[in-house]
Amino acid sequence: MSSTNSEPPTPNCRLRAAIRDIPDFPKPGIGFKDITPVLGNGPLFHEAVRQMAEVCKKEHIAKIAAVEARGFIFGAAMASLLEIGFVPIRKKGKLPFRTRGTQYSLEYGFAEIESHEDAFLPNERVCIVDDVLATGGTASAAVRLVLESGADVVLLQCFIELSALNGRAALAPLPVSSLLQF
Ligand code: AMP
């Protein structure tokens, strides 16, 4: 029997195998990475959050910021594990206190994201978290917003990186860390 076949799968093989590909969602031509099978499996979800939090620990991250909605799932869990603060970055009009915002372009038109004006301290070491890095448009806008707040963006972390879409290049020179690459 081949030793390769008899070895137990590594945690990241199990994570990769749990991602569900949904063709043509939300529109024709998009291959959607459905992470809900990972979220629904306690040990797998914990393993993903644990590994991502470990990267933050090495970089001495003081705060995690994430963009709604799926970025919140990983970002908030990581922040709780690390006992550091979490900042929600939301679509325009959702946050109740004074905000600062930035616009970014979508395939058709523009979107705007916001954070609370007092969310970050000057020079605070921030990691931005999202579930999927595709073209990097959303992440770049989040980076701009945090930098305009006076904090220091040290790292972008995502659970899944769609390498062919070159999000990493769009974010350069910011370091990018991803758990799974497709
Ligand atoms: P982008 O701004 O192109 O990097 O897109 C990133 C955002 O869109 C992330 O917040 C993802 O949640 C979502 N996204 C983009 N492409 C996909 C995909 N193929 N599967 C799942 N989510 C995606």
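Residues numbered from 1 in each chain as written. Predicted model: local features only at pLDDT ≥ 70, side-chain atom pairs only at ≥ 80, totals over all residues. Heavy atoms only, no water.

Undergrad: Would you mind going over the sheet that holds strand β3 (residues 63-67) in detail, with residue names and values included?
TA: Within the open sheet, the 7 strands sit side by side as β5-β6-β4-β3-β7-β8-β9. Their pairing is mixed. The open sheet is flanked by β5 (99-105) and β9 (176-181), the only strands paired with a single partner. Taking the axes of each pair of neighbouring strands and ignoring which way they run, one obtains an average angle of 25 degrees across the sheet. Direction of pairing for strand β7 (residues 125-133) relative to strand β8 (residues 152-161): parallel, over a ladder of 8 bridges. The residue of β8 that forms the bridge with L133 is E161. Contacts from helix α5 (residues 70-82) reach β3, β4 (85-91), β7 and β8 within the one sheet, and its direction differs from that of β3 by about 165 degrees. (Pairing = 2+ DSSP bridges. Helix = DSSP H or I, 4+ residues; strand = E, 2+ residues; numbered from the N terminus. Axes fitted to C-alpha atoms, helices over the stretch in contact; angles between N-to-C directions. Contact = heavy atoms within 4.5 Å.)

Undergrad: Which residues make up the layout of surface pockets, and what values do they have?
TA: In this structure, the largest pocket spans a volume of roughly 1,100 Å³. Lining the largest pocket are 32 residues; nearest its centre among them are R70, V132, A134, T135 and T138. When contributions to the lining of the largest pocket are tallied by element, the ones reaching two or more residues are β2 (31-34), α5, β5, β7 and α6 (137-148). Per-element tally for the lining of the largest pocket: the top contributor is β7, with 4 residues. (1 Å grid on protein atoms, 1.4 Å probe; cavity = no way out; pocket = protein on both sides within 12 Å on 5 of 7 lines; lining within 4 Å. Points joined across faces, edges and corners; volume = space filled by probe spheres on them.)

Undergrad: Any chance you could break down the side chain of E114 for me, citing the residues and the numbers?
TA: With respect to the helices and strands, the residue E114 is situated in strand β6 (residues 110-116). Not counting residues up to four positions away in its chain, the partners in contact with E114 are P88, I89, R90, K91, K92, G93, K94, L95, T99, R100, G101 and L145.

Undergrad: Provide a residue-level description of the packing of aromatic side chains, including the pertinent values.
TA: Under the counting rule described, the total for this entry stands at 4 aromatic pairs. Note on F45 and F74: the rings are 5.8 Å apart at their centroids and 80 degrees apart in plane angle, and the pair reads as edge-to-face. In this pair, F45 is assigned in helix α4 (residues 42-58) and F74 in helix α5, connecting sequence segments 29 residues apart. Looking at F74, the relative accessible area reads 0%, which means it is buried. With a centroid separation of 4.8 Å and an interplanar angle of 25 degrees, the aromatic rings of F74 and F159 are classed as stacked. Here F74 is found in helix α5, whereas its partner F159 is found in strand β8, with 85 residues between them in sequence. Just as F74 is buried, F159 falls in that class too. These aromatic residues form a ring-pair network of at least three members: F45, F74 and F159. The aromatic ring of F182 is capped on one face by R16, whose charged end is 4.5 Å from the ring centroid. The lysine or arginine in question, K33, covers the ring of F182, its NZ or CZ lying 4.1 Å from the ring centre. (Phe/Tyr/Trp six-rings, centres within 6.5 Å; stacked < 30°, edge-to-face > 60°. Buried < 20%, exposed > 50% of the residue type's maximum accessible area, 1.4 Å probe, protein only. Lys NZ or Arg CZ within 6 Å of the ring centre and 35° of its normal.)

Undergrad: Give me the lowdown on the pattern of salt bridges, citing residues and values where you can.
TA: Scanning the model with the defined rule gives 11 salt bridges in all. For E68, the salt bridge identified is with R90, shortest N-O distance 3.3 Å. Taken as a pair, E68 in the loop between β3 and α5 and R90 in strand β4 lie far apart in primary sequence, 22 residues in all. (Salt bridge = Lys/Arg side-chain N within 4 Å of Asp/Glu carboxyl O.)

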